[in-house]
Amino acid sequence: MWKGRFAQQTADLLQRYGESISYDWRLYPHDIAGSIAHARAQMNAGLLSEDEFAQIETGLREIEKEIESGEFEFSIELEDIHMNIEAALTRKIGPAGAKLHTARSRNDQVVTDTRLYCRSSIDHLFMLGTGLQRALLSQAENHAAVVVPGYTHLQRGQPVTIGHHLLAYVEMLERDKLRLRDCHRRLNICPLGSGALAGSTINLDRHAIARELGFEGVSTNSMDAIADRDYIAELLFVISLLGTHLSRLSEDLILWCSAEFGFAALSDAHTTGSSLMPQKKNPDACELTRGKTGRLVGNLVTLLTTLKGLPLTYNRDLQEDKEPLFDSIETVTLALEVNAEMIAAMEINEERCRQAAGDPALLATDLADYLVRKGIPFREAHEIVGKAVAAAEKHNTSLNRLDLTTISEAFGTDAGEVFDLETALRSRTNPGAPSIENVRGEIDRWQAHLS
Ligand code: ARG
C-alpha cells in the first residue's frame, strides 16, 4: 500500500510483529459499513460514477459474506482488516476499488470502526445486563421474605432478607447499564473525514456519512478525532466496574454455597467436581468470574498506560488498543451470560437461612434502640447492650436468654420482645431498609422497570 517510496519489502519479522489482522478481523462488518458510506459520499461529490459506487458496494457485500462464511483468506502481509478488505475489493473490481481510499486514511477509518464496534457491543451488554437483573429479581421475588444475617466485616450484623441482598446487585447492575448508556452517547460521534490527522483537501459530506452510519454528529477537531481513545478507556472502565460487581456477587455466592453458610446451592450444571475428592461440588463459575475480573481491570490499565505518553496524533502504539478491548467485551459478555443462567438455576436453602437468622445477637442494635426509646442516649445504650453481650458470652448463653434487668434497670419486662425477628424487620420501614413490605415494593418497582 506504500510501495512508491520504498525500495525494500517489509521484513518478515516486522510483518509478524506489526500485523493486527489476527484479531482486528472482528471489525469487518463495521469496516464495510464505513466504506460504503464513504463511497456514497464520494459518488455524491462527483468522485465516483454511479456505476463505480455500485461495483464498490456489491464488491464489499460479497467480501462481507465471504468473511462471514469463513471463505475469506486473511493475509498478514496486508497487516490489518482495512487493507485486507481494500485489497480484496481491488482484486475483485479493479480500478474503482483503488479509488475508495480517496479523502480517507486508516487513521480515521480505524477509529470509525472501533466506535461502531463499541456501540454495538454496548447495546448487547446492556441487554445481557438486563437478563442478569431479571434472574436476580426472580430469585429475590421467590425469597423476598427469607431472613438472613446481613454482614459487615463478614461478621453477622443485622437481619436482612435474601430478597434485599439480591436486589443490592440489581441496583449495581442498573448503574452499570446507565454508565454503558452514557458511554454510548459520548462515543457516538463520527470521526471519518479527519483523514490522517488534518482532514483532506477533498471535502466529502461528513454529516451525510455520519447519518448513514447512525452517528449523532461529526467530530469537531481532526487531531483529537485521530488521537482520541477516551471512548475505549471509558468502556473498559465501565466493564471493569461491572466485572467488579459480578466478582463481589461471585464471592457472596461462594460463601453461600460453602458448608459453613449453606444458604444456597448451585446446580450440577454450573459447578464442577474434584478428580480426587468425591464429595466436592465446586463453584468454579463464580471463581472464574472473580478471577477474570483481574483481566478486565488489567485491560483498562493496559490502555491507559499505552495512551499516557503519546504525542498527538496517531502513533502505532494505538494499535494496542484492540486486544484489551476485544478481550474485555468477550470476557464480560460470557460472564453475564453464565451468571444469568447460573443464578436462575440456583436454589436457596431456606432452613439454613432461618437457622443463621435465628442468632439473637443480630438484634443487639435493636436492643440499644429499645433503650433509646426509653430516653437513654445512644452511646450509653450501646455500652449497656455491650455489657449484656459480654455477660451472655461469659455465662455461655445467648442474649435473649439473659435476665436483662440484672444488666440495667432501664430494661423493662418488655425488653424480650425486641428478639422477635418479624417485629424487627417490620420496623425497618424507611426507604431503602429491608422490611418485607419495602422489599416487595422494590420487587414490583424493578419488575415494572425491567419489563
Ligand atoms: N491497524 C492500525 C491500527 O489499528 C490501523 C491504523 C494504521 N495507521 C497507520 N498510520 N499505520 O492502529
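Whatever comes next refers back to the structure up there.
Cut-offs applied
Residues numbered from 1 in each chain as written. Predicted model: local features only at pLDDT ≥ 70, side-chain atom pairs only at ≥ 80, totals over all residues. Heavy atoms only, no water. Near = heavy atom within 4 Å. Polar contact = N/O pair within 3.5 Å; in protein donor to acceptor, adjacent residues only side chain to side chain. Areas by Shrake-Rupley, 256 points an atom, 1.4 Å probe, with all protein chains shown as cover. Helix = DSSP H or I, 4+ residues; strand = E, 2+ residues; numbered from the N terminus. Nonpolar A, V, L, I, M, F, W, Y, C, P; charged D, E, K, R; others polar. Contact = heavy atoms within 4.5 Å. Patch = residues over 30% accessible without salt bridge, like charges linked within 9 Å, V, L, I, M, F, W, Y side chains within 5 Å. Salt bridge = Lys/Arg side-chain N within 4 Å of Asp/Glu carboxyl O. Buried < 20%, exposed > 50% of the residue type's maximum accessible area, 1.4 Å probe, protein only. Phe/Tyr/Trp six-rings, centres within 6.5 Å; stacked < 30°, edge-to-face > 60°. Lys NZ or Arg CZ within 6 Å of the ring centre and 35° of its normal. Core = buried A, V, L, I, M, F, W, Y, C linked by side-chain atoms within 4.5 Å.

All residues adjacent to the ligand are Ser20, Asp80, His82, Arg106, Asn107, Val110, Tyr314, Gln319 and Lys322. At 2.9 Å, a side-chain N or O of aspartate 80 approaches a nitrogen atom of the ligand. Measuring from a nitrogen atom of the ligand, one finds a side-chain N or O atom of arginine 106 at 3.5 Å. Relative to its unbound accessible surface of 340 Å², the ligand loses 86% to contact with the protein. Here the element with the most residues in the shell around the ligand is helix H7 (residues 106-142); it accounts for three residues. Looking at side-chain class alone, the shell around the ligand contains two nonpolar, four polar and three charged residues.

We now examine the side chain of threonine 112. Looking at the secondary structure, you find threonine 112 in helix H7. There is a polar contact of 2.6 Å between the side chain of threonine 112 and the backbone oxygen of aspartate 108. Those residues in contact with threonine 112 that lie beyond four places of it in its chain are Pro191, Leu192, Leu213 and Phe215.

Once that is clear, we can look at a nonpolar patch on the surface. Together, Met1, Trp2 and Phe6 make up an exposed nonpolar region whose accessible area comes to about 340 Å². Within the fold, methionine 1 resides in the segment before helix H1 (12-18). Overall, the relative accessible area of 54% leaves methionine 1 in the exposed class.

Overall, the coordinates contain six aromatic pairs when judged by the stated rule. Between tyrosine 151 and phenylalanine 261 the ring centres are 5.4 Å apart and the planes differ by 50 degrees, which places this aromatic pair in the tilted class. Taken as a pair, tyrosine 151 in strand S1 (residues 147-152) and phenylalanine 261 in the loop between helix H11 (230-256) and strand S5 (264-265) lie far apart in primary sequence, 110 residues in all. Between phenylalanine 261 and phenylalanine 263 the ring centres are 5.4 Å apart and the planes differ by 75 degrees, which places this aromatic pair in the edge-to-face class. On the basis of relative accessibility, which here comes to 15%, the residue phenylalanine 261 falls in the buried class. A residue is classified by how much of its surface remains accessible, and phenylalanine 263, at 2% relative accessible area, is buried. Members of the aromatic cluster, connected to one another through ring pairs, are Tyr151, Trp256, Phe261 and Phe263. The aromatic ring of phenylalanine 6 is capped on one face by arginine 5, whose charged end is 5.7 Å from the ring centroid. In this arrangement the basic side chain of arginine 115 is found over the ring face of tyrosine 231, its NZ or CZ atom lying 4.2 Å from the centre.

In terms of nonpolar packing, the biggest core is built from 88 residues, with Ile56, Leu136, Leu235 and Trp256 touching the most fellow members. Counting residues per element, this core draws most heavily on H11, which supplies 14 residues. Discounting residues that sit within four places of it in the chain, leucine 136 has contacts with Leu166, Tyr169, Val170, Leu173, Leu249 and Ile343. Listed in part, the 21 residues of the second largest apolar core include Ala388, Leu399, Phe411 and Ala415.

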